[in-house]
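Structural description and commentary
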Amino acid sequence: MKKRLLIVFMVLAMVASMFAGCQAAPAGQDTPDAPSADEQVSAAPEEPTESEESEEPVTISFVNYSAIEGNAETIDRMKETFEAQNPNITVEIETLGYDDYYTQLQTRIAGSNAPDCFELEFGPFVSFADEGVLYDISSMMSGIDTNVVSQSSLDAFKYNGANVALPYSYSTCILVYNKDLFDEAGIAYPDDTWTWEDINTAGEAIKALGDDHYGIIQPVSTYELFKVVAQNGGSLLNEDNTQFTVNSPENVETLTYLCDRILNTNIAPTAQQMGSLDEWGVFMQGNTGMIVTGIWCFTRFAEECDFAWDICVEPGNKAKATHYFANGLAVSGSTQKAEAAYKWIEFLSTGHDMAMARVEAGWELPCASYDDVLALYLETTPPDNKQAVFDSLEYVVSQPKITEFSQMGDILNTELQAATAGQKTPQQALDDAQAELETVIDLTD
Amino acid sequence: MMLKKSNNIFGAVRFYVFALIIGLLIAVPFYWMAITSLKTESAVLTYPIEWIPTEVTLENYASLFSSFSFGRIVLNSCIVSVAYTFVALVSCCMAAFAFAKLPFRGRDTILKIFIATLMIPAQSTLVPLFMIFNGMGLTNSYFSVILPSLFRVTGIFMLVQNMKTIPNDYIDAARIDGASYFKILFRIIVPLLGPAVATVGIITFMDSWNEYLWPLVMLTDTDMMTLPVALSTLSGMYERNFGVQMAGSLISIIPIVIVYLAAQRRFKDGLSLGGIKG
Amino acid sequence: MKNKNSKGLLTALPFLMPSIGGFLLISLIPILFSLALSLTSYSGLKGLDIFSAEFWQQNFVGFENYQKIFSGSEFWDSLLHIGYFIILYIPLMLASSLGIATLLNKPRKGSVFFRVLFYIPVLTSWVAGAIIWRWVLDPQYGVLNDLLAKVGIQGPGWLQDGNWAMVGIVLASVWKDMGFYGLIFLGGLKNINPEYYEAAQMDGAGKTQKFFKITMPLLSPIIYFALVLSLINAFMIFAQVMIMTGGGPYGSTEVIVERIYNYAFHYHKMGYASALSWILFAIVFVLTFIQQKAQKKWVNYDA
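A quick note: this is a predicted structure, and the numbers were derived from the prediction, not measured.

Turning next to the interface of chain C and chain A. Across the boundary between the two partners, chain C contributes 31 residues, which contact 28 residues of chain A. Looking only at chain C, the three residues that lose the most surface to chain A are L45, Y250 and Y267 of chain C, adding up to 30% of its buried area. Inspection of the chain C/chain A interface yields zero salt bridges. At the junction of chain C with chain A, the criterion picks out 15 residue pairs in polar contact (both at pLDDT 80 or more). Secondary-structure elements contributing two or more residues to the side of chain C that touches chain A are α6 (126–136) and α12 (256–265) of chain C. Residues of the side of chain C that touches chain A, tallied by class, amount to twelve nonpolar, twelve polar and seven charged.

The structure is reproduced here in structure tokens:
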């Protein structure tokens, strides 16, 4: 009898817990907003105009990953400000871990449970746009102040002529160098006149300081390669992205340059020499002269490096070329609340507070430009030469706008790893990559 | 007599030596995990690896507790795992009983089909499963992660092997006394299989406690997350803090170890697959 | 007789209901979905409207996915990699778990402590375990190479070396699983009637003879169970590969489930990924079937 009671109790407890945990389905059945053509939501710090129609209360869901890097409080504050300005809209924010962000996001979209708006990087943006799961927001963008968010950054998130996302934040890559080591080797600091040759010379001088020293670290991956080949006048795809040009002579030259440093002169460490440390880990040890990496390193380097360091624009060969990585905000193609969702993402994209928070956290730059925010960015040292970040923007090369970029990247990475490990010559590696890419990826559809 | 005694000492020495070696093999990685959780971020990345931390800090644990409502997350994991284990045990015992003791047509075929489902990776059924559960309105509810416990093939398989070894006489005698099969299962068979049931319970609890992919897509609300999922939200695009991750993992292990210790008294003699004594 | 069987089904049904209900919902229906998807070029991004004619019009590609898989080299390479894993893992795992089981068979002071200790890796999640092992296998300062250096061996590059990366994964997997199988074998050992050993002892049998003539045969059903389970799991390794090597270096540890995951969630080719899962299923199914048939030759169910 007792035992039976216990079982019954446990079953009841279990059932009760299920219902306690059951969340009411998000308010998806509310009436959609009435279209409002003459509504203006201008960017802060101006006084926003009041919403003109009286609308039904609406709840929108927003999913992002950026709020993890120290921006959680800010985004909550922005939510409060936004909701105060738009009393009929409630924003539900979900911040997901970055590692499985796309698994979760895509599962929801595929399962017809897409959030109303979400954050996404440039690469996935292309795929998502291609699949048609992003809402065309072109018609809603009339109120955006292009002094705050530049036309070119708005254009970056166009697909087939339509705006399908707003820019959120961006970053670029620069050359970071260890001033102390340069002093020790008695050579001049890198500057904007440098080319690949200069890197190699300086690298060897620093390598000579000791066996465990390295001249330069630069990852050899697809993400790096599409930019570095541009420094040598090459490209991974042709102009209209209909063909792979991975094994062109210029590209082979480029890969040879990258591999020689590792395998011949060893001024760059092999994968085994790096061990389980990543590029930053090795550089922060203090025995490496230079590293090519993203501006999101500043915070960590400032905290951890116990040597003096500074930056300059990444040296090129025939030309300079630098990265442009961007995060965007999009409205889901299947949402019923496009207007409200758009208002929120425009608010985030152009918002002053979020911009300030990004600069304070120091990972990447906001696309919204405000004088005080930029001033703060330039003032925060190290590195002293923050100006180099903005100079780099003159030479940006954005990643190939093809939907299969992810797969292309993985295929190419495999070959690049083989080349940097000395298993294949650069020519072989790129030839094999070209062949594999041509077989597996159809660019013409 | 003398021979036996020296044999014993020999045997004992051998035991302790081997046990120590293997024990070290197991313990050293965990030692690394523990000290990493107590190191500052920069110390974690120091090369050569610091085997004796120069500086011990609790900041990783503090970080953990402040990053999300830790208590709530642990509670979620507990509720889910306990309920999951309970439902799974009931369902598995019932099914195993049918397979082992109640002959019916198609019995072997169905069992084989069940085992075949082990061969399909979770990644390929993720999206369809999500669609189904979402369609039923179960996102962000405990129900969504507990429901799959109804179908646990490993549990069924193990219990079937064990139940087969129970002589049918027990059942026949009870039937003569007029007991229902249900009663027979839960009053006679299950108690007899204490160790096996405890084993299945442990494994099920552990599986559901550590489960990642399904709760990841089903429980995205910060109030509903389970521990492994919550730990993954600590990794941003740029911030990768091993110290905090290790702290979280250590904390994650503690409840399972407790459950294991409690239940392992039941199977002192190891996981019994094919036999009950006496 | 017919009566007995149908009566049997009627009696058995209530007991089977929960599992079968779960099976239909959690397994059968999603599996059928996935089978359907394998015949499409569905990306996995757009809302899945599997019952609409439009969806099928746009996405149906017949057996093209399967064709591509078999004609490309990637699939066969990943199969090779899994084969490499299995050849190393299974013997090592069997040896170490049997070793542990034999060790713990005689109750001694401290054996309970060790029994708990051996099981702790099993209780850990792979997230923690993989990160730990990445550091253990560090070529320069990890514990393993450190120990090897102490006995004068220069350790290889482990996870950074194409030839050794899989070995590293095997070591981590054995570490994680040996407690699990060890305890299973321990249970089996305990069930062997000590009279057999005594009889053999009286006949003058030595330790090795006892092991191979008594222990192994009587343990064979359990070894069979362990083999079936570990083989299935070996084909499906995922977490340790993703976290320890991500499929590298230069693709040398790419395995099938890792490919499935990447195709489904990174390359936006869910149809292709579904086809891969079905091929994997077929392979594992055939292997298990072969094992089942083979068990008559070496598995001993008496006593």
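A few words on the pattern of salt bridges. All names here are of chain C. Scanning the entire structure with this criterion turns up 16 salt bridges over all chains. For E64, the salt bridge goes to K68, with nearest N and O atoms at 3.7 Å. On the criterion of helical spacing, the pair formed by E64 and K68 is a turn pair, its members being four residues apart in helix α3 (residues 64–71). Overlapping salt bridges bring together E74, E254, E258 and R259 as one network.

Turning to the packing of helix α11 (residues 194–210) of chain B against helix α5 (residues 111–123) of chain C, a few remarks are in order. At a closest axis distance of 11 Å, the pairing of α11 of chain B and α5 of chain C adopts a crossing angle of 40°. Classified by the angle their axes make, α11 of chain B and α5 of chain C are oblique. Facing α11 of chain B, whose interface residues are I202, I203, M206 and N210 of chain B, α5 of chain C presents Y119, V122 and L123 of chain C. In terms of residue class, the contact of α11 of chain B with α5 of chain C is built from six nonpolar, one polar and no charged.

At the interface, 89 residues of chain B touch 83 residues of chain C. Overall, the association of chain B and chain C removes approximately 7900 Å² of surface from exposure, summing both partners, and the carbon and sulfur fraction of that is 80%. Counting the surface chain B buries against chain C, the share from its top three residues, F15, M119 and Q123 of chain B, is 9%. Across the contact surface, chain B and chain C share zero salt bridges.

Residues and elements named next belong to chain C. As assigned here, chain C comprises domain 1 (2–62) and domain 2 (66–298). Centre-to-centre, using C-alpha coordinates, domain 1 lies 31 Å away from domain 2. Between domain 1 and domain 2, the contact holds eleven residues from the first and ten residues from the second. Across the domain 1/domain 2 interface, buried area totals approximately 790 Å², and carbon plus sulfur atoms make up 64% of it. Counting across the interface, domain 1 meets domain 2 through zero salt bridges. Class assignment for the residues of the side of domain 1 that touches domain 2 results in six nonpolar, five polar and no charged.

About the cut-offs
Residues numbered from 1 in each chain as written. Chains lettered and ligands numbered in written order. Predicted model: local features only at pLDDT ≥ 70, side-chain atom pairs only at ≥ 80, totals over all residues. Heavy atoms only, no water. Contact = heavy atoms within 4.5 Å. Buried area = accessible area lost by both parts, 1.4 Å probe. Salt bridge = Lys/Arg side-chain N within 4 Å of Asp/Glu carboxyl O. Polar contact = N/O pair within 3.5 Å; in protein donor to acceptor, adjacent residues only side chain to side chain. Helix = DSSP H or I, 4+ residues; strand = E, 2+ residues; numbered from the N terminus. Nonpolar A, V, L, I, M, F, W, Y, C, P; charged D, E, K, R; others polar. Axes fitted to C-alpha atoms, helices over the stretch in contact; angles between N-to-C directions. Parallel < 35°, antiparallel > 145°, perpendicular 65-115°, else oblique. Domains from an automatic or database assignment.

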